[in-house]
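# A closer look at the structure
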Amino acid sequence: MNTWLLAVRGTAEPQDGEANMLKAVYRATRERGVLYVDVTYPASIAVVNAGNDVLGASLTESLNQAKQSLRETIAKIPAGDRIVLAGYSLGAIAVLQAAAAGIRYDRIVTIACPTRTIGHVAGGRVLRTGYTGIAAGYRPERKRADAAEADLAELRDQISRQ
């Protein structure tokens, strides 16, 4: 059984670029036998792209092409192999959309997801601190003391149930 890291690049990162964020993740895991695929898609939001092309793919085109490329890549991976979907920035949005559409995966890793919001559930845990992504819309964040107090109250509740 193999483990595949399907990397969906961030906006304007070049295909197979050595300096890409997720390539660094791969370099840290390849000694464990992880197989790496740099998912083919434009990683473009109009003029913001690796080639500075003024006619670059739109956000929607990039997301749709990333999801299609993920489906095609996963179709070639043997049943039983583990699949880790990893997305950085724009790629994080694509990974989450593809997962919501029902593609096969075992784990999801997102880094700097622009749509992340405080208070959403991630891996069964409500995120109470951190940042809100640039595309999430403005929501005032609770102060750290409020978040810490809420975490402490939750811990007390868990202990009292034991």
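Residues numbered from 1 in each chain as written. Predicted model: local features only at pLDDT ≥ 70, side-chain atom pairs only at ≥ 80, totals over all residues. Heavy atoms only, no water.

With that settled, the discussion passes to the pairing of strand β4 (residues 107–111). Pairing of strand β3 (residues 82–88) with β4 involves five bridges; the strand directions are parallel. Note on β4: the bridge partner recorded for Ala86 is Val109. (Pairing = 2+ DSSP bridges. Helix = DSSP H or I, 4+ residues; strand = E, 2+ residues; numbered from the N terminus.)

As a further point, take the pairing of β3. Burial analysis of β3 places five of its seven residues in the buried class, which makes it a mostly covered element. Pairing between strand β1 (residues 3–8) and β3: six bridges, direction parallel. Opposite Leu5, over in β3, you have Val84 as the bridge partner. After leaving β3, the chain enters helix α3 (residues 90–100) and then returns to the sheet as β4, a path that is right-handed. (Buried < 20%, exposed > 50% of the residue type's maximum accessible area, 1.4 Å probe, protein only. Right-handed = clockwise from strand over helix to strand, strands pointing away.)

So, about helix α1 (residues 21–29). Residues Leu22, Lys23, Tyr26 and Thr29 constitute the buried set of α1. Here the buried residues of α1 occupy an arc of 125° about the axis, which is enough to place them on one side. Looking at the packing, one finds that the buried side of α1 touches β1, β2 (35–38), β3 and β4. (Arc of directions from axis to C-beta. Contact = heavy atoms within 4.5 Å.)

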